[in-house]
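Okay, here's what each chain looks like letter by letter:
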Amino acid sequence: MSIKVGKVIYSGKAKDVYETEHSDQVVVKFRDDITAGDGEKKDCLHQKGYYNSIISSKLFKVLEEKGIKTQYIELLEPGEMLSHKLKMIPLEVITRNIAAGSLLKKFPFKDKQVFDNPIIQMDYKNDEYHDPMLNDDISMALNLATKEELDEIREITHKINAILKDFLASKGIKLVDFKIEFGYDNDGNIVLGDEISPDTCRYWDIKTFDVLDKDLFRQGECGIMDAYKKVASMILDEEELQKFEI
Ligand SMILES: Nc1ncnc2c1ncn2[C@@H]1O[C@H](COP(=O)(O)OP(=O)(O)OP(=O)(O)O)[C@@H](O)[C@H]1O
Ligand SMILES: [Mg+2]
């Protein structure tokens, strides 16, 4: 598809959003920049945007096939995702299947504790306030969403978790936790946006428990791009692997 890309309407820490000739569509460009620790740790990793866009596209397609509404229209080329333009809801919706990361600093869970009921946590996406954890009353008082919308977001998120957990397990990956963002499309539907990549999820190799995500960067380990590439190679089918030369 040939698409005329216009000016940047938002430039974040890892992606740029461009307007297009269609007012209801944007191109999300995945950059190689990587940040952690509230933006304090920064680097640029060659081909991160390439792999994150391919992995996100694949997972959006898997979700679409199971009836979840996502921003995904087409991967124009690696790094550039044609997407439905969404009015983003400033919530970071985090789902946890296994205890890891910041949760262990805040609550007395055991490291790697498995949750029988996945935990859904919502943080306020606001750098100035360092993305604090919300409850429904605070979200409603801040006019971030209504009670009904919060319930709908939780319901969709549980479905997304079940679909992704099954799909990734079938490919040899354990979905430990992940962060997603939603927005409204032109018809007022709540739609999954942003990305689902090793930057925004914790993925462990089911057999070896090797970390295959941004935790490698947080912990100053090497082989970060090898891990991202491994995720792509595990989840793509033969045709996709050939197309993207993985
Ligand atoms: N389909 C979409 N339509 C409009 N905006 C989107 C869409 N998908 C994602 N966005 C927004 O685009 C931005 C993506 O940029 P990026 O993730 O780099 O930045 P950030 O969220 O500011 O930083 P970080 O995620 O590192 O905290 C985010 O603000 C996100 O909410
Ligand atoms: Mg982001």
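Residue numbering note: each chain is counted from 1, following its sequence as written. Labels follow written order: the first chain is A, the first ligand is 1, and so on. Thresholds applied to this predicted model are a pLDDT of at least 70 for local features of residues and 80 or more for the giving and counting of side-chain atom pairs; totals over whole chains, interfaces and linings are not thresholded and use all residues. In computing side-chain values, all of the structure's heavy atoms are included and hydrogens and water are not.

Enquirer: Mind showing me how you'd approach the overall build of the chain here?
Expert: We count a stretch as a helix when DSSP gives it H or I for four or more residues in a row; a strand needs E for two or more, and each element gets its number in order from the N terminus. The number of helices and strands found in the chain is seven helices and 13 strands. Radius of gyration here is computed from C-alpha atoms only, and the compact-globule reference equals 2.2 Å multiplied by the residue count raised to the power 0.38. Relative to a compact globule of 246 residues, whose C-alpha radius of gyration would be 18 Å, the chain shows 17 Å and is just as compact. Structurally, the chain occupies a C-alpha span of about 50 × 45 × 35 Å along its principal axes. For the chain, buried positions account for 49% of its 246 residues. Note on contacts: a residue pair qualifies if any of its non-hydrogen atoms lie within 4.5 Å across the two residues. For the chain, the share of sequence-separated contacts (at least 6 apart) that also reach a separation of at least 24 residues comes to 55%. Accessible surface is estimated by sampling points in the Shrake-Rupley manner with a 1.4 Å probe; for residues, cover comes only from the protein chains shown. In the structure as shown, the chain presents an accessible area of about 12,700 Å², 48% of it carried by carbon and sulfur atoms. Positive residues here are Lys and Arg, negative ones are Asp and Glu, while His and the chain termini are left out of the count. By convention, the point assigned to a charge is CZ for Arg, NZ for Lys, CD for Glu and CG for Asp. Each charge class in the chain was averaged separately, 35 positive and 47 negative side chains, and the resulting centres sit 3 Å apart. Working definition: with a 1.4 Å probe on protein chains only, accessible area under 20% of the residue-type maximum means buried, over 50% means exposed, and in between means partly exposed.

Enquirer: Help me understand the packing of aromatic side chains, please; the structure alone is not making it clear to me.
Expert: How two aromatic rings sit relative to each other is set out by the distance from centre to centre and by the angle between their planes. Each pair of aromatic rings taken from Phe, Tyr and Trp, with Trp reduced to its six-membered ring, is defined by centres within 6.5 Å and is described as stacked if the planes are under 30 degrees apart, edge-to-face if over 60, and tilted in the remaining cases. All told, the structure shown has four aromatic pairs when counted by the stated rule. Ring centres of tyrosine 50 and tyrosine 51 lie 5.3 Å apart, and the angle between their planes is 75°; this geometry places the pair in the edge-to-face category. Judged by relative accessible area, which is 23%, tyrosine 50 ranks as partly exposed. Relative to phenylalanine 109, the ring of phenylalanine 107 lies with its centre 6.1 Å away and its plane at 55°, an arrangement referred to as tilted. With a relative accessible area of 36%, phenylalanine 107 lands in the partly exposed category. Taking relative accessible area as the criterion, phenylalanine 109 reaches 30% and is therefore assigned partly exposed. Put simply, the rings of Phe107, Phe109 and Phe115 touch in pairs and so form one group of aromatic residues. Over a ring means this: the NZ of a Lys or the CZ of an Arg is within 6 Å of the ring centre and within 35 degrees of the ring normal. The ring of phenylalanine 217 carries lysine 41 above its face, with NZ or CZ at 4.9 Å from the centroid.

Enquirer: Just checking my understanding: could you explain the site of ligand 1 for this structure?
Expert: Close to ligand 1 lie 15 residues, the nearest being Ala14, Lys15, Gln71, Lys125 and Glu181. Polar contact criterion, stated in full: a pair of N or O atoms within 3.5 Å, where within protein one must be able to donate a hydrogen and the other to accept it, and residues adjacent in sequence count only if both atoms are side-chain atoms. At 2.7 Å, a side-chain N or O of glutamine 71 approaches a nitrogen atom of ligand 1. Considering ligand 1 on its own, with 610 Å² of exposed area, one finds that the protein chains cover 88% of that surface. Amino acids outside the nonpolar list (Ala, Val, Leu, Ile, Met, Phe, Trp, Tyr, Cys, Pro) and the charged list (Asp, Glu, Lys, Arg) are all regarded as polar, and Gly is one of them. Grouping the constituent residues of the shell around ligand 1 by class yields six nonpolar, three polar and six charged. Segmentation of the chain into domains, including their bounds, is taken from an automatic or database domain assignment. Summarising the domain contributions, the shell around ligand 1 has at least three residues from each of domain 1 (5-86 + 224-243) and domain 2 (88-218). Residue proximity to a molecule or strand is established when one non-hydrogen atom of the residue lies within 4 Å of it.

Enquirer: Looking at this structure, I do not really get the pairing of strand E7 (residues 80-84). What am I missing?
Expert: The side chains of a regular strand alternate, first on one face of the sheet and then on the other. For E7, the tally of buried residues reaches four of five residues, placing the bulk of the element in the interior. At least two DSSP bridges between two strands are required for those strands to pair. Note: strand E3 (residues 25-30) against E7, five bridges, orientation antiparallel. Pairing of valine 28 across the sheet is with methionine 81, part of E7. By the bridge criterion, four bridges tie strand E6 (residues 72-77) to E7 in an arrangement that is antiparallel. Looking across to E7, one finds that glutamate 77 is bridged to glutamate 80. Linking two consecutive strands that pair antiparallel, namely E6 and E7, is a turn of two residues; a positive phi of about 100° is found at glycine 79 within it.

Enquirer: In this structure, what is going on with the pairing of strand E5 (residues 41-44)? I would like to understand it.
Expert: Examined bridge by bridge, strand E4 (residues 33-36) and E5 share four bridges and lie antiparallel to one another. By the bridge assignment, alanine 36 is partnered in E5 with lysine 41. Joining the antiparallel neighbours E4 and E5 is a turn of four residues, in which glycine 37 adopts a positive phi near 60°.

Enquirer: Could you clarify how one ought to interpret the nonpolar core in this entry?
Expert: Across soluble globular proteins, you tend to see nonpolar side chains buried next to one another. Counting residues in hydrophobic clusters, the biggest one holds 58 residues, and the most contacted among them are Leu59, Leu91, Ile160, Leu168, Phe182, Ile196 and Tyr203. Two domains share this core, each providing at least three of its residues, namely domain 1 (5-86 + 224-243) and domain 2 (88-218). Here, nonpolar core refers to any group of buried Ala, Val, Leu, Ile, Met, Phe, Trp, Tyr and Cys residues whose side-chain atoms link them within 4.5 Å.

Enquirer: What am I meant to see in the environment of serine 23 here?
Expert: Looking at the secondary structure, you find serine 23 in the loop between strand E2 (15-20) and E3. According to the relative accessible area criterion, serine 23 is exposed, its value standing at 65%. Residues serine 23 and aspartate 187 lie 164 residues apart in sequence; the distance between their C-alpha atoms is 13 Å.

Enquirer: Can you walk me through unusual backbone geometry in this structure?
Expert: Among all residues except glycine, the phi angle is most often negative; among peptide bonds, the trans geometry is most common. In this structure, glutamine 47 takes a positive phi of about 75° despite not being glycine. Relative to the helices and strands, glutamine 47 resides in the loop between E5 and helix H1 (48-65). Backbone geometry places asparagine 143, a non-glycine residue, at a positive phi of 60°. Structurally, asparagine 143 is set in the loop between helix H3 (136-141) and helix H4 (147-170).

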